[in-house]
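Architecture and fold: a report
What follows is the residue order along each chain.
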Amino acid sequence: MKAIKANQTTARAGRMRVDYMPGAAAVQALQAAQGLYPNSNTQALIDRLIITGLSALVQGHWRPPPLYGRDRDAWKLPDDLRKGPGNGA
């Protein structure tokens, strides 16, 4: 293993930290993703979902579920996504 000098920064040290308290629908989506990618850690899943979601929205290959209003706790995961492999349904 390589030793890192005291004044040398690592790639991780230079990263931005984002604190996030997901709404209920986002937690359900993350649980469904864990069923699809069981070997990925939570942070890797969040990264994958954000990058994939942005790509789909920008490229127009996917229609996002309607998430109305600013109250994230009121948002609901669509039935077709809730009944995915990550939820045992």
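None of these values were measured; they are calculated from a predicted model.

Here the focus is the pattern of salt bridges. Going through the model one piece at a time under the given rule, you end up with 1 salt bridge. The salt bridge involving arginine 17 is made with aspartate 19; its shortest N-O contact spans 3.5 Å.

Next up on the list: a nonpolar patch on the surface. Residues Leu54, Leu57, Val58 and Trp62 make up a contiguous nonpolar surface patch of roughly 430 Å² in combined accessible area. Take leucine 54: it is sitting in helix H2 (residues 42-59). For leucine 54, a relative accessible area of 54% corresponds to the exposed category.

Quick notes on the rules
- Residues numbered from 1 in each chain as written.
- Predicted model: local features only at pLDDT ≥ 70, side-chain atom pairs only at ≥ 80, totals over all residues.
- Heavy atoms only, no water.
- Salt bridge = Lys/Arg side-chain N within 4 Å of Asp/Glu carboxyl O.
- Patch = residues over 30% accessible without salt bridge, like charges linked within 9 Å, V, L, I, M, F, W, Y side chains within 5 Å.
- Areas by Shrake-Rupley, 256 points an atom, 1.4 Å probe, with all protein chains shown as cover.
- Helix = DSSP H or I, 4+ residues; strand = E, 2+ residues; numbered from the N terminus.
- Buried < 20%, exposed > 50% of the residue type's maximum accessible area, 1.4 Å probe, protein only.

Interpretation note: all reported values are geometric properties and have no functional meaning in isolation.
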